[in-house]
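Descriptive analysis of the structure
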Amino acid sequence: MLKILSVVGARPNFMKIAPLIRAIEKHNHENVIRIQHVLVHTGQHYDVRMSEAFFKALNIPNPDINLEIGSGSHAEQIGYTMVAFEKVLLEQKPDWVIVVGDVNATLSCSVVAKKLNIKLCHIEAGLRSGDMTMPEEINRLVTDRLSDLLLTPDTLSSDNLRKEGTPEEKIYFVGNIMIDTLEANREKAGHLQLETIINENLVAGCTNPKRSLVDYSYAIITLHRPSNVDPEKVFIPLIDFLLNEVTKDQLLIWPIHPRAKKQLIKLRLWNSLITNPSFILLEPVGYHEMVRLNMGAKMMLTDSGGLQEECCVLGTPCLTLRLNTERPITLRENGGTSVLVGNNVQRIRKEYLHTLTLDRLPYRPDLWDGHTAERIVEKLIETDKRLNSNL
Ligand code: UD1
């Protein structure tokens, strides 16, 4: 029996863990040697719309343990998670801890696992933005340095690890697990009606759109990174551009992250957004709803990592509102649909106007085939055997 404990903490983790759980169940169904799986939620995201809704939509079983860490500064989130997670590991004694992505839960639980000499596997290893002001970059670097098995989504990420001196036997290219979730759910998402999504998720007080909402008649924006949302000199011109230019051309749908909502209210911009008939402000939407919106969008403007990847496979032209990306495989120069536009409005405008002329063009990088989780389970069992035989 192999005992695995996997960790989730924030919204982008949930779509990465769902396929893994499914692949473990499949393994247990087909094999005599079973995998025991324990799911820990650190509780970094706790709103129903940021967390529980994803468990339900993606059929993720309730976490076995919830550390209920909640919001706080980075040191608070990481520190509280470490203290609570150490107790869990001392009690559960798993053979492996599996962490996904690059959120604070990923870093905290990696450190605790290695301090207790428990084998560590990182899914989505090797991504690098090169930007040390990005909290996630620190999380990625620490997690990868500590991991015993580094499972990469693309060969560029495997190369990053090699350049850093990671031993070859620790690196394995498995593909993108988030695309497993996309492939398993896109048909269901495709059946959703745009109007129903809007009606069910419109923020209180927001004017219903005057123009009719049909496929390819709208753009979507998502913004949540501190570097875009927190500095007023970045955020205010960006909002002006959206209000005065983008909504003149097309409807603009914004499923709003709590951080951006707080800032809009603080800067007294909230009212001009909710009363603009071309601005459709939504509460954070569910997984299928977001995939459906993405499938019919003329373009995406985003600072999210996962959306860059989903746009790539779905074919949505994407303006990545960042100066760098840890996911260069999604860029147009590498075959993808995204272009880095940073947060300077002049640069954004230029690419926005060009992107208005583009058609949707799907691109599927190698091994983004919907079967990554199965490869992960196989590789984990094989690595466990190898490491045990070396003892
Ligand atoms: C986190 C991840 C980021 C990921 C993002 C997706 C880190 C370092 N960052 O950033 O990589 O892309 O999640 O959303 O781990 N809040 C709520 N309800 C919630 C959760 C948060 O209202 O359920 C509010 C809190 O006031 C909090 C703010 O949102 O201060 C930001 O939340 P936090 O978890 O600190 O980071 P994210 O910006 O969500």
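Residue indices begin from 1 for each chain and proceed along its sequence in written order. Whole-chain, interface and lining totals are the exception, using all residues; otherwise, since this is a predicted model, local features are given only for residues with pLDDT of at least 70 and side-chain atom pairs are given and counted only at 80 or more. Computation of side-chain values: all heavy atoms of the structure, hydrogens and water removed.

With respect to the overall build of the protein
In plain terms, the rule: Helix and strand labels come from DSSP, where a helix needs a run of H or I of at least four residues and a strand needs a run of E of at least two; each type is numbered from the N terminus. Only C-alpha atoms enter the radius of gyration, while the globule expectation follows 2.2 Å times N to the 0.38, with N the number of residues. What makes two residues a contact is simply this: any of their non-hydrogen atoms within 4.5 Å. Accessible areas in this description were obtained via Shrake-Rupley with a 1.4 Å probe; residue shielding takes into account the shown protein chains only. His is not counted here, nor are the chain ends, while Lys and Arg score as positive and Asp and Glu score as negative. For this purpose, a charge sits on NZ of Lys, CZ of Arg, CG of Asp or CD of Glu.
Scanning the protein from terminus to terminus reveals 16 helices and 13 strands. Here the C-alpha atoms of the protein give a radius of gyration of 21 Å, agreeing with the 21 Å that 2.2 N^0.38 yields for 391 residues. With the C-alpha coordinates of the protein rotated into their principal frame, the extents come out at 65 × 40 × 40 Å. Taking contacts inside the protein between residues at least 6 apart in sequence as the whole, the part at least 24 apart equals 71%. Roughly 16600 Å² of accessible area belongs to the protein as shown, and the carbon and sulfur atoms make up 52% of that amount. Of the side chains in the protein, 45 bear a positive and 48 a negative charge, and the two mean positions are spaced by 2 Å.

A closer look at the packing of aromatic side chains
The criterion, for reference: Each aromatic pair joins two rings of Phe, Tyr and Trp (for Trp, the six-membered one) with centres within 6.5 Å, and gets the label stacked for planes under 30 degrees apart, edge-to-face for over 60, and tilted for any other angle. When the NZ atom of lysine or the CZ atom of arginine is within 6 Å of a ring's centre and also within 35 degrees of its normal, the charge is said to sit over that ring.
For the coordinates displayed, the defined rule picks out four aromatic pairs. Three or more aromatic residues link up through ring pairs in this structure, and these residues are F14, F54 and F55. Lying over the aromatic face of Y172, K379 brings its terminal NZ or CZ to 4.1 Å of the ring centre.

Things to note about unusual backbone geometry
We note that N59 has phi near 55°; this positive angle belongs to a residue other than glycine. Structurally, N59 can be placed in the loop between α2 (52-57) and β3 (65-66). In this model, Y216 sits at a positive phi of 65°, which is unusual for a non-glycine residue. Position of Y216 relative to the elements: it lies in the loop between α8 (194-201) and β8 (218-222).

Some thoughts on the site of the ligand
Filter applied, for reference: The nearness test applies per residue and asks whether one of its heavy atoms lies within 4 Å of the molecule or strand. Here a polar contact means two N or O atoms within 3.5 Å. Within protein one must be a hydrogen donor candidate and the other an acceptor candidate, and residues neighboring in sequence count only if both atoms are side-chain atoms. Residue classes follow a fixed rule: Ala, Val, Leu, Ile, Met, Phe, Trp, Tyr, Cys and Pro count as nonpolar, while Asp, Glu, Lys and Arg count as charged, and any other residue, Gly among them, counts as polar.
H45, N104, E136, H224 and K262 are the nearest of the 20 residues found near the ligand. Contact between the ligand and D47: an oxygen atom at 2.9 Å from a main-chain N or O atom of the residue. A distance of 2.6 Å separates an oxygen atom of the ligand from a polar side-chain atom of E136. When the free accessible area of the ligand is taken as 750 Å², the share hidden by the protein chains comes to 88%. If you list the elements that add at least two residues to the shell around the ligand, you get α1 (11-30), α3 (74-92), α5 (135-146) and α11 (258-266). Looking at which element gives the most residues to the shell around the ligand, the answer is α11, with three residues. Of the residues contributing to the shell around the ligand, the split by class is six nonpolar, nine polar and five charged.

Observations regarding the environment of T316
Here is the rule: Remark: exposure states derive from per-residue accessible area (1.4 Å probe, protein chains only) relative to the maximum for the residue type, with buried under 20%, exposed over 50%, and partly exposed in between.
The residue T316 is located in the loop between α14 (305-314) and β12 (318-320) in this model. Given a relative accessible area of 0%, T316 falls into the buried group. A sequence separation of 20 residues divides T316 from G296, and the C-alpha atoms of the two residues are 8.3 Å apart. Contacts of T316, omitting those with residues within four sequence positions, involve N294, A297, M299, M300, C311, T337 and R360.

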